[in-house]
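Structural features, examined
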Amino acid sequence: MPQALYRTPVVADAHNDLLIAVAARPPHRWAEFFRERWLPQLRDGGVTLQVLPVFIGDRFRPEGALRETLRMIECAHVIAEGNADAVRLCLDGDDIDAALADGRIALVLALESAPGVDADVELFSTLHRLGVRIASIAHWGRTPLADGSGEDATGSRLTEAGVAALAEMERLGIIFDVSHLSASGVAHVLELATRPVMATHSSARALRDHHRNLTDDQIRGIAATGGTVCVNFLPEFLAADPAGATLDVLVDHIVHITDVAGAEHVGLGPDFIKEVNDDITPPCCEEGYAYEWSLPRLEGPRGLPLVTEALNRRGMPEDTLRAVLGGNLLDLFRKELGRPA
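Quick caveat: nothing in here was measured; it's all calculated off a predicted structure.

**What to know about the layout of surface pockets**
Where empty space is left can be seen by rolling a probe of water-molecule size over the atoms. If you add up the space inside the second largest pocket, you get close to 180 Å³. Every residue lining the second largest pocket is counted, 11 residues in all, and those nearest its centre are Gly46, Val47, Thr48, Gly103 and Ile105. Considering only residue class, the lining of the second largest pocket consists of 5 nonpolar, 3 polar and 3 charged.

Given below as structure tokens:
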């Protein structure tokens, strides 16, 4: 395929955990380490819009969760300030457009499960002031706001504090992320939402029956809010036998969600985590752990052109391809980021 097709459009990644690896360094190394290790990969992959999730590991919970949340947010600001020629931390659509016009990568801060908030919903306002523009309220297990998808059997909806969190996020202009939320929690959000919601990194349950994936009804519900479903690349969520997951299987998920949601409601949420895990996990702890962290040649952002080429081979129309690569996420962010109710 012509390289111009890949290089010209916005390429948006809705979920890359690179902040975990950068924040693991001493603060004086944050900006330099990002420039050395991650900026070349983002550029090689053609990424022009990157969501940076703030994920807090179990060792920080509960007492240290807020402190580590603030530390990782500070890390994102230091990255942006120390690489101002190459990236910009964006608070709204105008910031994103300005970054793209300057040839810089637009960065957007997100919270993954918000453990530093717990039931203190007023802290979303504080975090919004610090630049957070997307947030989810659960991961695999139970939080004071909702149950994660690993607790689907409980049938639990959002707690009272979770309902308040959704309302507060809508008021502030923080996009609600349903990835990792339990099935009944997703249903509850779709009942209550008055603004677009998104899934930053979820695949199709119709193709792989895993609790982290979305059913067709959930996909349609997200699309009905005006939101976007960004497809996860992790083999565990693509195929029952993760070792057999391939680029073609990933394309199956993208095409399926496009058919169900409509071409204007799909994006990419790769969940690149292999390099992060390799970087921060002691060798002593990896032996005997058989988890497929990435598809072959899709270990990180450099592999993104392979997805474009595969979608092109599958016959995806060029306008749809441009929308899925990043146009849809850009449109959503232009309309919703930082826009108070």
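**Here's the deal with the pairing of strand E8 (residues 228–231)**
Where burial is concerned, the two faces of E8 agree: the one with Thr228 and Cys230 and the one with Val229 and Val231 are both buried. You can see the chain leave strand E7 (residues 197–199), run along helix H9 (residues 216–224) and come back into E8, and the turn it takes is right-handed. Tracing the backbone out of E8, into helix H10 (residues 247–261) and back to the parallel element strand E9 (residues 266–268) gives a crossover that is right-handed.

**Structural notes on the packing of helix H5 (residues 93–101) against helix H13 (residues 318–336)**
Where H5 meets H13, the axes come as close as 7 Å, and the angle between the chain directions of the two elements is 135°. In terms of orientation, H5 lies oblique with respect to H13. Here H5 contributes Gly93, Ile96, Asp97 and Leu100 to the contact with H13, which in turn contributes Leu330, Phe333 and Arg334. Residue classes in the contact of H5 with H13 are distributed as 4 nonpolar, 1 polar and 2 charged.

**Let's talk about the packing of aromatic side chains**
Overall, the coordinates contain 2 aromatic pairs when judged by the stated rule. With 6.4 Å between their ring centres and 40° between their planes, Trp140 and Phe237 make a pair best called tilted. Pair noted here: Trp140 is in the loop between strand E5 (132–135) and helix H7 (160–172) and Phe237 is in the loop between E8 and H10, with a separation of 97 residues, a long-range link. Among the residues examined, Phe237 registers a relative accessible area of 2% and is labelled buried. Judged by centre distance (5.9 Å) and plane angle (85°), the rings of Phe233 and Phe272 are edge-to-face.

**Remarks on a nonpolar patch on the surface**
A contiguous nonpolar surface patch, about 200 Å² in accessible area, is contributed by Leu66, Leu70 and Leu130. Take Leu66: it is sitting in helix H4 (residues 65–82).

**What about empty space enclosed by the protein?**
The full count for this structure, using the stated rule, is 4 cavities of 30 Å³ or more. Approximately 80 Å³ is the volume found for the largest cavity. Lining the largest cavity are 16 residues; nearest its centre among them are Leu181, His211, Arg212, Asn213 and Leu214. By residue class, the composition of the lining of the largest cavity is 5 nonpolar, 8 polar and 3 charged. Of the voids in this model, the second largest cavity is the one considered here, and its volume is about 50 Å³. Taken together, Leu166, Glu170, Ile174, Ile175, Phe176, Arg195, Pro196, Val197 and Glu336 form the lining of the second largest cavity.

Calculation rules
Residues numbered from 1 in each chain as written. Predicted model: local features only at pLDDT ≥ 70, side-chain atom pairs only at ≥ 80, totals over all residues. Heavy atoms only, no water. 1 Å grid on protein atoms, 1.4 Å probe; cavity = no way out; pocket = protein on both sides within 12 Å on 5 of 7 lines; lining within 4 Å. Points joined across faces, edges and corners; volume = space filled by probe spheres on them. Nonpolar A, V, L, I, M, F, W, Y, C, P; charged D, E, K, R; others polar. Buried < 20%, exposed > 50% of the residue type's maximum accessible area, 1.4 Å probe, protein only. Helix = DSSP H or I, 4+ residues; strand = E, 2+ residues; numbered from the N terminus. Right-handed = clockwise from strand over helix to strand, strands pointing away. Axes fitted to C-alpha atoms, helices over the stretch in contact; angles between N-to-C directions. Parallel < 35°, antiparallel > 145°, perpendicular 65-115°, else oblique. Contact = heavy atoms within 4.5 Å. Phe/Tyr/Trp six-rings, centres within 6.5 Å; stacked < 30°, edge-to-face > 60°. Patch = residues over 30% accessible without salt bridge, like charges linked within 9 Å, V, L, I, M, F, W, Y side chains within 5 Å. Areas by Shrake-Rupley, 256 points an atom, 1.4 Å probe, with all protein chains shown as cover. Salt bridge = Lys/Arg side-chain N within 4 Å of Asp/Glu carboxyl O.

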